[in-house]
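Below, each chain spelled out in residue letters.
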Amino acid sequence: MNRSKFDLAVGAFVALGIIALIFLALKVGNLTGFDSGTGYVLEARFDNIGGLKVRAPVKSAGVVVGRVESIGLDGETYEAVARLRISSSFRFSKDTIAVILTSGLLGEQYIGLEVGGVPDYLSNGERITKTQSAMVLEKLISQFLFNKAAEPPSQVK
Amino acid sequence: MSRAPLSWIEALGAAVTTRLDRLGLAARFVAALFGVLGIALLRASLIIRELYFSGVRSLSIVIVSGLFVGMVLAVQGYEVLQRYGSTESLGVIVALSLVRELGPVVTALLFAGRASSAVTAEIGLMRATDQLAAMDMMAVDPLARVIAPRFIAAVISLPLLAGLFSAAGIIGAWIIGVHLIGIDDGAFWSQMQASVDVRIDIVNGMFKSVVFGVAVGLISVFEGFFAPPTAEGVASATTRTVVTSSLAVLLLDFVLTVMMFRGLNG
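If you're wondering where the values come from, they're calculated on a predicted model, not measured in any experiment.

Enquirer: Explain the sheet that holds strand E2 (residues 57-60) of chain A residue by residue, including any values.
Expert: Judged by pairing direction, the sheet is mixed, and its eight strands sit side by side in the order E7-E1-E4-E3-E2-E6-E5-E8 (chain A) without closing on themselves. The open sheet has two free edges, formed respectively by strand E7 (127-128) and strand E8 (130-132) of chain A, since each of these has just one partner strand.

What follows is the structure, given as structure tokens:
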């Protein structure tokens, strides 16, 4: 086998390998989605974040507009502090409400942003003041049972 | 006092010193090899020849294995997923297990059996037939002329082959999942794209296979270079290459996986 045959076969091999990597990056992974490091950061404080994870999506009207960058605990107020990285192509009004939601019955948790009507927009580093914590199933059940038990006060005695 | 009670301590000492000796030999060999890598990289034609024998010739086995591994994963994954009514997640499961683990690891194991064993046997025979000594006589450094191109070829071809393995596996799973079982085509790809992260999953997987390429490449040329110059010596060196490479790949995979994915759920 002469030199050019080797070159041809190896060239085809390398090209095929690179095509496979591009296939993985574009079709399997999602390179087209915006990457971390761009956009701006908003802060939201929750009483309870439930099962929210770092890198969970932030959605508005069901469309992914960002990701949860970090989750921490404020040592004084004992609130969970979530930092959200939002794509710079979206702006949200100052009275936006951040809600922790679950996709499907058993799906992953994400943050939903419900936009208000104030004409001022949140900028980098600002805090979303209105938040709604995650639903915790145990609390929900105990609340339900508690209400049930408290319902007929007249029948006591 | 008889010698017998101390003989096992003697054996232990001998075992430790021979292993230390070999470790030292390997360290000096690796240092010398890295010293000539720069020169070897300039001789592209030698590397291309080795890329052909290690990489191109491994294409068929890697692609066919990937296809079948993906198809098996799809069948087995579907069995479990249908119990929970979430068969659309099949793409996610197949893609994550291929890209993160099976692609790099199985490709490295196949490569060790298909290509590295041949490299060891070839270098071992060159040693046995005094070809390496002849090169030395002609002032040609066998490390730069014979060893380094084979090592570089392993490091280049393994990541490419691992990518092909994963891609073939995902296509295999797609054939089974979408065409034979009847999962929705859109859900298959979109759930996969939502869960597979390019940096965390694909780049880490590729990094793994580069590390495996370095390990498998080093083991194969080292075993060949220091193979005893007999038919038996070359045979046992070839066996050692496959065994040591496989163990090294699995061990490194564990270490790398712990390092890469430990902090992920923080």
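Enquirer: Outline helix H4 (residues 90-128) of chain B, supporting the account with residue identities and numerical values.
Expert: Considering bend angle alone, the principal kink of H4 of chain B is centred on Leu98 of chain B and spans about 55 degrees. Following H4 of chain B by one or two positions, Asp130 of chain B adopts a phi angle in the positive range, close to 65 degrees.

Enquirer: Tell me about the pairing of strand E5 (residues 97-102) of chain A, and please be specific about residues and values.
Expert: All names here are of chain A. As judged from the six bridges shared by E5 and strand E6 (residues 109-114), these two strands associate in the antiparallel manner. Looking across to E6, one finds that Val99 is bridged to Gly112. Across three bridges, E5 lies against E8 in parallel orientation. By the bridge assignment, Ile97 is partnered in E8 with Lys130.

Enquirer: Describe the packing of aromatic side chains, listing the residues and the values that go with them.
Expert: What the rule picks out here adds up to twelve aromatic pairs over all chains. Between Phe29 of chain B and Phe226 of chain B the ring centres are 5.6 Å apart and the planes differ by 75 degrees, which places this aromatic pair in the edge-to-face class. Remark: Phe226 of chain B occurs in the loop between helix H8 (198-225) and helix H9 (231-261) and Phe29 of chain B occurs in helix H1 (residues 4-42); sequence separation between them is 197 residues. Since its relative accessible area comes to 5%, Phe29 of chain B is described here as buried. Between Phe188 of chain B and Trp189 of chain B, the ring centres sit 5.3 Å apart and the planes meet at 90 degrees, which makes this aromatic pair edge-to-face. Here Trp189 of chain B falls in the buried class, since its relative accessible area comes to 10%. Taken together, Phe23 of chain A together with Trp174, Phe188 and Trp189 of chain B form an aromatic cluster joined through their ring pairs. The ring of Tyr110 of chain A carries the charged tip of Lys59 of chain A above its face, separated from the ring centre by 4.5 Å. Note that Arg91 of chain A overlies the ring of Tyr121 of chain A, its terminal NZ or CZ placed 4.1 Å from the centroid.

Enquirer: Pulling in residues and values, what's your account of the domain arrangement of chain A?
Expert: In many analyses, interface size is given as the accessible surface area lost on bringing the parts together. Each assigned domain of chain A is listed here: domain 1 (1-32) and domain 2 (40-137). The centre of domain 1 of chain A, based on its C-alpha atoms, is set 41 Å off from the matching centre of domain 2 of chain A.

Enquirer: Which residues make up the environment of Gly169 of chain B, and what values go with them?
Expert: Positionally, Gly169 of chain B belongs in helix H6 (residues 142-181). As a C-alpha pair, Gly169 of chain B and Ser116 of chain B span 53 residues in sequence and 23 Å in three-dimensional space.

Enquirer: Break down the nonpolar core for me, with residues and values.
Expert: By size, the foremost hydrophobic cluster in this structure holds 73 residues, and its most contacted members are Val28 of chain A together with Leu33, Ile123, Ile147, Ile170 and Met192 of chain B. Apart from the residues lying within four places of it in its own chain, the contact partners of Ile170 of chain B are Phe23, Leu24 and Val28 of chain A together with Ala95, Leu98, Val99, Phe188, Trp189 and Met192 of chain B. Counting residues in hydrophobic clusters, the runner-up holds 22 residues, among them Tyr40, Leu52, Ala82 and Ile100 of chain A.

Enquirer: Explain the packing of H4 of chain B against H9 of chain B residue by residue, including any values.
Expert: All names here are of chain B. Where H4 contacts H9, the axes come no closer than 9 Å and their chain directions differ by 155 degrees. As the angle between them shows, H4 and H9 are arranged roughly antiparallel. The hand of the H4/H9 crossing is right-handed.

Enquirer: Please give an account of unusual backbone geometry that cites residues and values.
Expert: Although it is not a glycine, Tyr78 of chain A adopts a positive phi angle of roughly 55 degrees. Summarising the element assignment, Tyr78 of chain A is placed in the loop between strand E3 (63-73) and strand E4 (80-86). Here Tyr78 of chain A falls in the exposed class, since its relative accessible area comes to 60%. One non-glycine residue, Ala139 of chain B, lies in positive phi territory at about 60 degrees. Position of Ala139 of chain B among the secondary structure elements: in the loop between helix H5 (131-137) and H6.

Enquirer: So what's going on with the interface of chain A and chain B? Residues and values would help.
Expert: Facing the 25 residues of chain A at the interface are 31 residues of chain B. Interface of chain A and chain B: buried area, both sides summed, is about 2,400 Å²; carbon and sulfur atoms make up 81% of it. Our count for the chain A to chain B interface comes out at zero salt bridges. For the pair chain A and chain B, the number of links is one residue pair in polar contact (both at pLDDT 80 or more). For the side of chain A that touches chain B, the class distribution of residues is 17 nonpolar, three polar and five charged.

About the thresholds
Residues numbered from 1 in each chain as written. Chains lettered and ligands numbered in written order. Predicted model: local features only at pLDDT ≥ 70, side-chain atom pairs only at ≥ 80, totals over all residues. Heavy atoms only, no water. Pairing = 2+ DSSP bridges. Helix = DSSP H or I, 4+ residues; strand = E, 2+ residues; numbered from the N terminus. Bend = angle between axes of the 7 residues up to and from the residue. Phe/Tyr/Trp six-rings, centres within 6.5 Å; stacked < 30°, edge-to-face > 60°. Buried < 20%, exposed > 50% of the residue type's maximum accessible area, 1.4 Å probe, protein only. Lys NZ or Arg CZ within 6 Å of the ring centre and 35° of its normal. Domains from an automatic or database assignment. Core = buried A, V, L, I, M, F, W, Y, C linked by side-chain atoms within 4.5 Å. Contact = heavy atoms within 4.5 Å. Axes fitted to C-alpha atoms, helices over the stretch in contact; angles between N-to-C directions. Parallel < 35°, antiparallel > 145°, perpendicular 65-115°, else oblique. Left-handed = near helix turned anticlockwise from the far one by under 90°. Buried area = accessible area lost by both parts, 1.4 Å probe. Salt bridge = Lys/Arg side-chain N within 4 Å of Asp/Glu carboxyl O. Polar contact = N/O pair within 3.5 Å; in protein donor to acceptor, adjacent residues only side chain to side chain. Nonpolar A, V, L, I, M, F, W, Y, C, P; charged D, E, K, R; others polar.

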